Amino acid sequence: MLGAVAAVLTGWRFGLRGLAVAVAAVWLGGVAWLFTRGGASGDLARFAWWTVTGGALLLALGYAALIGELRRRTRDAGATAGLPYRAALAQAPAAPLPPNPEPLAEPGPPADLSGPLSDDELDRYARHIVLRELGGAGQRRLRAARLLVVGAGGLGAPVLLYLAAAGVGRITVADDDTVSLSNLQRQVIFGTADIGRPKAEAAAEAMRRLNPHVTVSPLVRRITADDTALVADHDLVLDGTDSFASRAAVNAACVAARVPLLAGAIAQWEGQIALYDPARGGPCLACLFPEPPAPGLALSCAEAGVVGALPGIIGSSMALEAIKLLAGVTGSGAGEGLRERMVLIDGLWGDTRRLRIAARPGCAVCGA
Ligand SMILES: [Zn+2]
């Protein structure tokens, strides 16, 4: 009995493998004890029962431990193979990350143009205003903020809806594409009636319907590396485009305009988010991804597929980080932003990781 209790305690503390070892020890002890008692009456039946039952239990435990180990190995191998950004996992520090080096936005007084919030705005943003870290001052900073969202697709949909709902004062949305039927599985800002319409215009209409306090400017075109003046007219850029060329162009314009870039990316079951802001420290996107991926390694959503709710998770995380930055929450000492950080989310395993990312000396774009 004592042996059984010890075995269960060992299993609880050291996992399946520990439990299997403890049960094996108890079982062998029992076998030896029954064997030394020799041919006492009834001991032969007890010996057979003990041997068969213990052996079966050990087999089951060993099998379960083996399956667990195989699963763990498959998962570790999967996390470092395949999509190009997974290579960044190799740099994942084992120790807890050190605190963020410096805040993005100094939480100064809100801009003059913000003025006091109206009764309607106080009602609309009441759940923000009661947050100690955000409050009325943070809400007025959101209203004074200018945001450029590049790409009104899977990531753009939650980004635009949540940031319009949150009361970000001026939002420019740039996309040169039109809504197609296969977009509707994940691009929840559009409805079936929007098929064929320019995404930027359909998204702007949905945002105005959601919050008339927000000024939305749709741009039905791509953002290029030469769009420095446009980018410089904004406080923050959110990029949710899905090709290397567009992402590189947006990064180049942001670096030249010294405007921070919050970029998200998704493929199949996985996504990543990072803040690139070399003007205030840390890497630009080209520091991490200097070259286009080899053909066939980084497939688009159309080629590789993407699960419907994943852009909702990654896009909502981008919207949350944007609110923290624009409202001055990150700079107030509450929590931590994504400066020099990358978050990887694996939807298939329900796993989230935070990595440290650093500027690459000799980067052709930011000259770090
Ligand atoms: Zn760089």
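Residues numbered from 1 in each chain as written. Predicted model: local features only at pLDDT ≥ 70, side-chain atom pairs only at ≥ 80, totals over all residues. Heavy atoms only, no water.

As recorded by an unreviewed UniProt entry, the chain carries the name Molybdopterin-synthase adenylyltransferase and is attributed to Paracoccus sphaerophysae. According to UniProt, the comment filed for the chain under the heading Catalytic activity (unreviewed entry) is "[molybdopterin-synthase sulfur-carrier protein]-C-terminal Gly-Gly + ATP + H(+) = [molybdopterin-synthase sulfur-carrier protein]-C-terminal Gly-Gly-AMP + diphosphate". The record held by UniProt for the chain lists under Function (unreviewed entry) the comment "Catalyzes the adenylation by ATP of the carboxyl group of the C-terminal glycine of sulfur carrier protein MoaD." (UniProt positions renumbered as here; feature names shortened; annotations may be inferred.)

**Student:** Describe the overall build of the chain, with residues and values.
**Tutor:** Scanning the chain for helices and strands turns up twelve helices and eight strands. Counting across all 368 residues of the chain, residues that qualify as buried make up 42%. Surface exposure of the chain reaches about 18,600 Å², of which carbon and sulfur atoms provide 62%. (Helix = DSSP H or I, 4+ residues; strand = E, 2+ residues; numbered from the N terminus. Buried < 20%, exposed > 50% of the residue type's maximum accessible area, 1.4 Å probe, protein only. Areas by Shrake-Rupley, 256 points an atom, 1.4 Å probe, with all protein chains shown as cover.)

**Student:** I'd love a proper account of the coordination of the zinc ion, names of residues and values included.
**Tutor:** Around the zinc ion, the donor atoms from the protein are Cys284 (SG), Cys287 (SG), Cys363 (SG) and Cys366 (SG), and they sit 2.2 to 2.3 Å away. Classification of the site at the zinc ion as tetrahedral follows from its four donor atoms and the range of 98 to 121 degrees in their angles at the metal. On the primary sequence, the residues serving as donors to the zinc ion are separated as C-x2-C-x75-C-x2-C. We classify cysteine 363 as buried; its relative accessible area is 3%. (Donors = N, O, S within 2.8 Å, 3.2 Å for Na, K, Ca; no water. Tetrahedral: all angles 85-135°; square planar, octahedral: opposite > 155°, others 65-115°.)

**Student:** Describe the side chain of histidine 128, naming the residues involved and giving the relevant values.
**Tutor:** Residue placement: histidine 128 occurs in helix α4 (residues 126–129). Sequence-distant contacts of histidine 128, defined by excluding residues within four places in its chain, comprise Leu134, Gly135, Gln139, Leu142, Ala166 and Ile323. (Contact = heavy atoms within 4.5 Å.)

**Student:** Tell me about helix α12 (residues 310–326), and please be specific about residues and values.
**Tutor:** The terminal C-alpha atoms of α12, which comprises 17 residues, lie 24 Å apart, in line with the 24 Å expected from a rise of 1.5 Å per residue. Burial runs high along α12: twelve of the 17 residues are buried. The complete set of buried residues in α12 reads Leu310, Pro311, Ile314, Gly315, Met318, Ala319, Glu321, Ala322, Ile323, Lys324, Leu325 and Leu326. Downstream of α12 by one or two residues, glycine 328 has phi in the positive range, about 80 degrees. (Expected span 1.5 Å × (residues − 1).)

**Student:** Give me the pairing of strand β1 (residues 146–150): which residues, what numbers.
**Tutor:** Among the five residues that make up β1, four are buried, leaving the element largely enclosed by the rest of the structure. The handedness of the β1 to strand β2 (residues 170–174) crossover, carried by helix α6 (residues 156–165), is right-handed. Bridge count for β1 against strand β4 (residues 236–239) is four bridges, and the pairing is parallel. Within β4, the residue paired with valine 150 across the bridge is aspartate 239. (Right-handed = clockwise from strand over helix to strand, strands pointing away. Pairing = 2+ DSSP bridges.)

**Student:** Describe the nonpolar core, naming the residues involved and giving the relevant values.
**Tutor:** Judged by nonpolar contacts, the single largest core of 47 residues is most densely connected at Leu147, Leu160, Leu163, Ile171 and Leu238. Sorting elements by how many residues they give to this core places α12 first, with eight residues. Aside from chain neighbours lying at most four places away, what touches leucine 238 is Leu147, Leu148, Val149, Val150, Val159, Leu163, Leu262, Met318 and Ala322. Counting residues in each nonpolar core, the second largest holds 21 residues, with Val150, Phe289, Met342 and Ile357 among its members. (Core = buried A, V, L, I, M, F, W, Y, C linked by side-chain atoms within 4.5 Å.)

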